[in-house]
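Commentary on secondary and tertiary structure
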Amino acid sequence: MALAVETEPGAAGFEEVREAIRSRLGPAAAPVWATETEELPRLPGGKPDLPAIEAWLRTLRASFDQLRES
């Protein structure tokens, strides 16, 4: 499971967010990794562009996996 979050300066860090998810939803719901961005891709109407976000996360995850293997 992955987590993508729009952040602002001073926002909670990944471990804090992960712990909040774990305490509310259980350990299985806690993301293994996360990324943050100032702005998620959006559709013209302002809703998150889920296919674009999924593609972006796949690319990031592949890069993450390559770094772990080297």
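Below or above, wherever it landed, is the structure these notes cover. (Residues numbered from 1 in each chain as written. Predicted model: local features only at pLDDT ≥ 70, side-chain atom pairs only at ≥ 80, totals over all residues. Heavy atoms only, no water.)

This part covers the overall build of the protein. Helix and strand counts for the protein stand at two helices and two strands. Helices and strands in the protein line up, N terminus first, as β-α-β-α. When burial is assessed residue by residue, the protein has 20% of its 70 residues classed as buried. When contacts within the protein are restricted to residue pairs at least 6 apart in sequence, those whose partners lie at least 24 apart make up 55%. (Helix = DSSP H or I, 4+ residues; strand = E, 2+ residues; numbered from the N terminus. Buried < 20%, exposed > 50% of the residue type's maximum accessible area, 1.4 Å probe, protein only. Contact = heavy atoms within 4.5 Å.)

Considering all chains together, one arrives at two salt bridges under this definition. Close ionic contact of Arg22 with Glu19 constitutes a salt bridge, the shortest N to O distance being 2.8 Å. One end of the pair, Arg22, and the other, Glu19, are both in helix α1 (residues 14-25), three residues apart, so they sit about a helical turn from each other. On the basis of relative accessibility, which here comes to 41%, the residue Glu19 falls in the partly exposed class. (Salt bridge = Lys/Arg side-chain N within 4 Å of Asp/Glu carboxyl O.)

A few words now on α1. Relative to the 16 Å expected for twelve residues at 1.5 Å per residue, α1 spans 16 Å between its end C-alpha atoms, a close match to the ideal helical length. Positive phi shows up at Gly26, right after α1, with a value of about 100 degrees. (Expected span 1.5 Å × (residues − 1).)

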